[in-house]
Amino acid sequence: MVQIPNTPPSASPAPRSVPTSADVARLAGVSRATVSYVLNNTSAVRISEATRRRVHEAARELGYVPHAAARSLRAGHSRMVLMPAPAIPVGPLYNAFINELQWALGRLDYTVVQHGTVALRGDEAARAWAELRPVAVLVPGAGLGPQGVDVLKRSGARAVVTLGPGSVEGAHALLMDHTTVGHAAVAHLYARGRRRIGVVVPEETGLDTFSRPRLDGARAAVQDTGAEVTTLPLAYEERSAARLAGRWPGLGLDAVFAYNDEYAMLLMRALQDAGVRIPADTAVIGADDLMLGRLLRPRLSTVHMDLPSGRDLAELVDRAVRDPGAEPETHTILGASVVHRESS
């Protein structure tokens with residue numbers, strides 16, 4: 001075990017005073033109002049480029065940044081868009097979407113803050129979010145109810161947007177119907193002549209929000225066809241995949257929809273190690289269309305999902321903030337299409 005030495009505290013220099021807008025104004029040779037106009041990007045007042053440059057240079061020299069809380073008090077609302085951090089594992093596809101959304105909101109002069117609400121769910125979590133006084137809240141997944149939406153709006157949130165399987169009264173809704181993902185995957189396997197199809201259901205907590213509808217869609221794809229769908233619980237770890245691969249001959253499956261590309265890659269490797277030929281013995285398909293799936297041998301078939309652009313969602317948030325009394329919008333945003341490669 002590595003021990004961190006307990007060194008005595010050294011004498012620290014006296015703390016420096018926090019620079020103020022008055023200090024910036026003095027150094028730039030302008031009024032405090034001009035400093036406020038420049039640093040808050042106020043467009044209603046015409047200020048020359050030379051003056052703007054002097055103010056920015058003075059602020060950089062002094063290490064001054066505007067006080068967000070004070071600015072929010074003056075404006076009556078903040079420019080903070082709060083995004084609760086997902087309580088479930090998220091993959092590269094979701095991360096790319098969030099990165100684009102943060103960039104697009106930043107272009108509209110909003111600050112995106114991800115908030116980790118440990119052990120808080122639903123309306124209880126909404127009260128914790130409301131304490132930060134965000135101007136908008138984007139809620140991934142299910143759990144938030146009408147009471148939580150009301151709490152957020154009473155605290156000053158002008159827009160509440162949910163991303164999940166259903167809408168919530170009072171909130172804008174981006175509906176993500178994951179049944180289409182399972183349906184597309186299994187319909188593809190059936191069209192390729194497969195009749196005994198396994199569907200991976202992750203054992204990780206929280207993923208049932210996505211895996212349940214994907215399983216429902218898979219079953220619907222082969223309803224009344226005589227094909228069989230078998231549920232395959234799987235943890236995201238090599239031992240779990242190896243155990244499932246060891247039971248494979250007794251399952252009699254000729255295809256598997258492995259929930260997403262990451263689970264598909266995990267299971268495919270274990271099946272190959274167990275001597276199962278892909279796709280000759282078992283066809284495999286994932287979902288998300290990750291780059292790594294194209295690098296596998298055989299290349300992984302997948303379901304490509306169309307998410308909204310971060311710019312479109314940012315514009316929805318901005319529209320809702322500017323017109324908080326408008327009727328909530330509802331948009332279905334998840335499209336699914338199969339990318340056929342060698343594994344199926």
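It should be noted that the structure appears before, not after, this text.
Cut-offs used in this document
Residues numbered from 1 in each chain as written. Predicted model: local features only at pLDDT ≥ 70, side-chain atom pairs only at ≥ 80, totals over all residues. Heavy atoms only, no water. Phe/Tyr/Trp six-rings, centres within 6.5 Å; stacked < 30°, edge-to-face > 60°. Helix = DSSP H or I, 4+ residues; strand = E, 2+ residues; numbered from the N terminus. Buried < 20%, exposed > 50% of the residue type's maximum accessible area, 1.4 Å probe, protein only. Pairing = 2+ DSSP bridges. Axes fitted to C-alpha atoms, helices over the stretch in contact; angles between N-to-C directions. Salt bridge = Lys/Arg side-chain N within 4 Å of Asp/Glu carboxyl O. Parallel < 35°, antiparallel > 145°, perpendicular 65-115°, else oblique. Left-handed = near helix turned anticlockwise from the far one by under 90°. Contact = heavy atoms within 4.5 Å. Patch = residues over 30% accessible without salt bridge, like charges linked within 9 Å, V, L, I, M, F, W, Y side chains within 5 Å. Areas by Shrake-Rupley, 256 points an atom, 1.4 Å probe, with all protein chains shown as cover. Core = buried A, V, L, I, M, F, W, Y, C linked by side-chain atoms within 4.5 Å. Expected span 1.5 Å × (residues − 1). Polar contact = N/O pair within 3.5 Å; in protein donor to acceptor, adjacent residues only side chain to side chain. Nonpolar A, V, L, I, M, F, W, Y, C, P; charged D, E, K, R; others polar.

Glancing now at the packing of aromatic side chains. Summed over the entire model, instances satisfying the criterion amount to two aromatic pairs. Taking the centre distance of 5.0 Å and the plane angle of 55° together, the rings of Tyr236 and Tyr263 count as tilted. A residue pair is termed long-range when its members are at least 10 positions apart, and Tyr236 in the loop between strand S7 (228–234) and helix H10 (238–246) and Tyr263 in helix H12 (residues 261–273) qualify at 27 residues. Tyr236 sits in the partly exposed class, given a relative accessible area of 43%. Look at Tyr263 and you get buried, because its relative accessible area is 4%. Their ring planes at 85° and their centres at 5.6 Å tell us that Tyr259 and Tyr263 sit as a pair that is edge-to-face.

Pairing in this open sheet of six strands is parallel, and the strands run S2-S1-S3-S4-S5-S11 from one edge to the other. Each having just a single partner strand, strand S2 (111–115) and strand S11 (330–332) make up the two edges of the open sheet. For this sheet, the mean angle separating the axes of adjacent strands, direction not counted, is 15°. Here strand S1 (residues 80–84) runs beside strand S3 (residues 136–140); their pairing, made up of two bridges, is parallel. Paired with Leu82 across the strands is Val137, a residue of S3.

Counted under the stated rule, the structure contains ten salt bridges. Among the salt bridges present, the one from Arg277 reaches Asp281, with a minimum N-O distance of 2.7 Å. Residue class for Arg277 comes out exposed when judged on its relative accessible area of 53%. With a shortest N-O distance of 3.0 Å, Arg322 and Asp318 are connected by a salt bridge. Here Asp318 and Arg322 lie together in helix H14 (residues 310–322), a separation of four residues that amounts to about one turn. Counted as one network, the salt bridges with shared partners bring together Asp289, Arg294 and Arg341.

Attention now goes to the packing of helix H8 (residues 179–191) against helix H9 (residues 208–221). Where H8 contacts H9, the axes come no closer than 6 Å and their chain directions differ by 40°. Our classification of the angle between H8 and H9 gives oblique. The crossing of H8 and H9 is right-handed. Counting all contacts with H8, which are made through Thr179, Val181, Gly182, His183, Val186 and Ala187, the residues of H9 involved are Pro213, Arg214, Asp216, Gly217, Ala218, Ala220 and Ala221.

Pairing is parallel across the open sheet formed by four strands, whose spatial order is S7-S6-S8-S9. Unpaired on one side and paired on the other, S7 and strand S9 (283–285) mark the two borders of the sheet. The average undirected angle you get between the axes of adjacent strands in this sheet is 25°. Across the face of the sheet, H8 comes into contact with strand S6 (196–202), strand S8 (255–257) and S9 while running at roughly 165° to S8.

There is a patch of nonpolar side chains on the surface, built from Met291, Leu292 and Leu295 and spanning about 330 Å² of accessible area. Counting through the fold element by element, Leu295 comes out in helix H13 (residues 291–295).

The biggest cluster of nonpolar side chains holds 46 residues, and the ones touching the most others in it are Val81, Leu105, Leu138, Val186, Phe257, Leu313 and Val317. With residues up to four places along the chain from it excluded, the contact list for Phe257 reads Val181, Gly182, Ala185, Val186, Leu189, Gly198, Val199, Val200, Arg214, Ile285, Gly286 and Ala287.

Another point: H12. For H12, spanning 13 residues, the distance from its first C-alpha to its last is 18 Å, which sits close to the expected 18 Å at 1.5 Å a residue. Those residues of H12 that sit buried are Asp261, Tyr263, Ala264, Met265, Leu266, Leu267, Met268, Ala270 and Leu271. The residue sitting at the N-terminus of H12 and contributing the capping side-chain oxygen is Asn260; that oxygen lies 3.1 Å from the backbone nitrogen of Glu262. Gly275, located one to two residues past H12, shows a positive phi value of around 90°.

This part is about the environment of Pro279. Its place among the elements puts Pro279 in the loop between H12 and S9. Take Pro279: its relative accessible area is 24%, and that puts it in the partly exposed class. Between the C-alpha atom of Pro279 and that of Asp254, which follows or precedes it by 25 residues, the distance is 8.6 Å. For Pro279, the contacting residues outside a window of four places in its chain are Arg194, Glu342, Ser343 and Ser344.

A word on the packing of helix H5 (residues 92–107) against H14. The contact between H5 and H14 brings their axes to 8 Å, and the two run at 50°. By the angle between their directions, the pair H5 and H14 is classed as oblique. Considering how the two elements wind past one another, H5 and H14 form a crossing that is right-handed. In this structure, H5 contributes Phe97, Glu100, Leu101, Trp103, Ala104 and Leu105 to the contact, and H14 contributes Gly310, Arg311, Leu313, Ala314 and Val317. Class assignment for the residues of the contact of H5 with H14 results in eight nonpolar, one polar and two charged.

This paragraph deals with helix H6 (residues 122–130). Those residues of H6 that sit buried are Gly122, Ala125, Ala126, Ala128, Trp129 and Ala130. In this structure, the buried residues of H6 make contact with S1, S2, S3 and helix H7 (146–154).

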